[in-house]
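Residue-level structural notes
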Amino acid sequence: MTANDALVLHRRTVVADAHNDLLCSVATRPSDEWSDYFRTQWLPQLQEGGVDLQVLPVFIDDVYRPEGALRRTLRMIEAAHRLAEGNADAVGLCLDGDDIDRVIGEGRIALVLALEGMPGIADDVELLETVHRLGIRIGAVAHFGRSAFADGSGEDAAGSRLTRTGIRALAEMERVGMIFDISHLGAGGVDHVLEIATRPVMATHSSARALFDHHRNLTDAQIAGVAESGGVVCVNFFAPYLHESAYTIDTLIDHFERVVSVAGIAHVGMGSDFVREVLADTTAPCCVQTTIEGVPADRYLPGLEGPTGLPLVTEALLRRGWPEADILAVLGGNLRRFLRSELAVTAGA
């Protein structure tokens with residue numbers, strides 16, 4: 001097996017990434033620059049990385065919370081629509097599985113919108129239907145801290161489950177056809193969701209806690225619970241969540257193999273969480289961000305600092321002796337199938 005063999009395989013498969021915060025970078029620009037900035041800065045990276053399906057989270061930085069959170073949420077959603085309209089030859093914003101199939105079939109990149117935490121919603125559960133109308137198809141109800149719906153993973157010591165509002169939010173998301181994302185949710189909240197969810201859930205960017213005991217990772221029982229629901233666990237590439245110091249691609253593959261061993265090959269995908277360029281774009285030079293919730297913010301897997309490095313994952317999986325069918329499933333087949341199926345489901349379906 002050579003690097004060229006891996007690249008050939010990578011180019012002929014569907015590559016799907018469940019988490020890239022590039023909208024944060026786009027939305028920092030003036031609105032008349034959104035489309036061109038995406039075309040010059042991000043589109044070439046996605047294309048070089050072979051990305052066919054990209055989930056774009058709407059994440060609201062602390063500086064906008066609480067008063068400006070809804071306005072910032074709407075601005076980022078509008079940025080996604082405009083960059084898609086301005087680059088319609090290369091990407092398409094997808095609302096359901098048919099859209100995903102059509103856009104990928106046309107050789108374009110399928111984009112799916114998600115909410116990463118919901119500070120703009122606060123406790124107004126009815127606004128979930130509003131953002132769904134605007135194109136949001138995946139939602140996480142908390143980030144690191146506490147929200148109206150639940151505690152994020154940074155609050156695990158509290159041992160809390162979903163709030164009453166969080167329970168209503170889960171039911172409303174299931175009703176309108178929005179996929180529930182457990183990444184960033186506190187451990188008690190994850191267990192609660194897995195107990196009461198009536199539809200498949202997903203983890204857009206979480207790795208294996210059995211390999212590295214960090215609160216952003218999932219236990220084997222939680223990974224198994226997602227698989228049993230019919231969902232997918234998309235492995236996070238952020239180095240400080242994978243190991244204390246061994247920031248290598250082999251460490252990432254260890255996490256893939258652990259998640260596969262627990263969930264089964266049909267329930268695993270990729271959730272890159274590339275943050276290097278986003279942090280550089282969104283942090284003022286005077287205030288360089290050196291940590292994220294206590295872990296280094298400037299540690300990355302070599303070659304996997306951004307989407308251009310994604311063929312390295314294919315190469316590493318081949319080097320480990322993975323069967324080609326399993327590689328195709330994890331690179332994107334599983335996530336594409338899951339989204340294609342679940343985005344067609346509403347309460348009346």
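Residues numbered from 1 in each chain as written. Predicted model: local features only at pLDDT ≥ 70, side-chain atom pairs only at ≥ 80, totals over all residues. Heavy atoms only, no water.

A few points about the environment of arginine 71
- Positionally, arginine 71 belongs in helix H4 (residues 69–86).
- The exposure class assigned to arginine 71 is exposed, which follows from its relative accessible area of 63%.
- Each C-alpha atom, one on arginine 71 and one on isoleucine 60, is 9.9 Å from the other, the two residues being 11 residues apart in sequence. (Helix = DSSP H or I, 4+ residues; strand = E, 2+ residues; numbered from the N terminus. Buried < 20%, exposed > 50% of the residue type's maximum accessible area, 1.4 Å probe, protein only.)

Describing the environment of threonine 248
- For threonine 248, the location among the structural elements is in the loop between strand E7 (233–236) and helix H10 (249–263).
- Contacts of threonine 248, omitting those with residues within four sequence positions, involve Leu301 and Pro302. (Contact = heavy atoms within 4.5 Å.)

Concerning the pattern of salt bridges
- Counting across every chain of the model gives 20 salt bridges.
- When the shortest N-O distance is used, the salt bridge between arginine 161 and glutamate 195 registers 3.0 Å. Within this pair, whereas arginine 161 is found in the loop between strand E5 (136–140) and helix H7 (164–176), its partner glutamate 195 is found in helix H8 (residues 187–196), the two being separated by 34 residues in sequence.
- Residue arginine 161 is classed as partly exposed on the basis of its relative accessible area of 40%.
- By relative accessible area, glutamate 195 is classed as exposed at 52%.
- Ionic contacts of the salt-bridge type, sharing partners, join the residues Asp250, Asp254, Glu257, Glu315, Arg319 and Arg320 into one network. (Salt bridge = Lys/Arg side-chain N within 4 Å of Asp/Glu carboxyl O.)

A look at the side chain of histidine 214
- Here histidine 214 is to be found in the loop between H8 and helix H9 (220–229).
- In terms of polar contacts, histidine 214 uses its side chain to reach the backbone amide nitrogen of arginine 216, at 3.0 Å.
- If we ignore the near neighbours within four places in the chain, the residues touching histidine 214 are Arg209, Pro240, Tyr241 and Val295. (Polar contact = N/O pair within 3.5 Å; in protein donor to acceptor, adjacent residues only side chain to side chain.)

Considering the packing of aromatic side chains
- Applying the stated rule across the entire model yields 3 aromatic pairs.
- Ring centres 5.8 Å apart and planes at 85° place the aromatic pair phenylalanine 237 and phenylalanine 274 in the edge-to-face group. Here the residue phenylalanine 237 occupies a position in the loop between E7 and H10, and phenylalanine 274 occupies one in the loop between strand E8 (268–271) and helix H11 (276–282), the gap between them amounting to 37 residues. Residues phenylalanine 237 and phenylalanine 274 agree in their burial class; the two are buried.
- A connected cluster of aromatic rings, assembled from ring pairs, spans Phe237, Phe256 and Phe274. (Phe/Tyr/Trp six-rings, centres within 6.5 Å; stacked < 30°, edge-to-face > 60°.)

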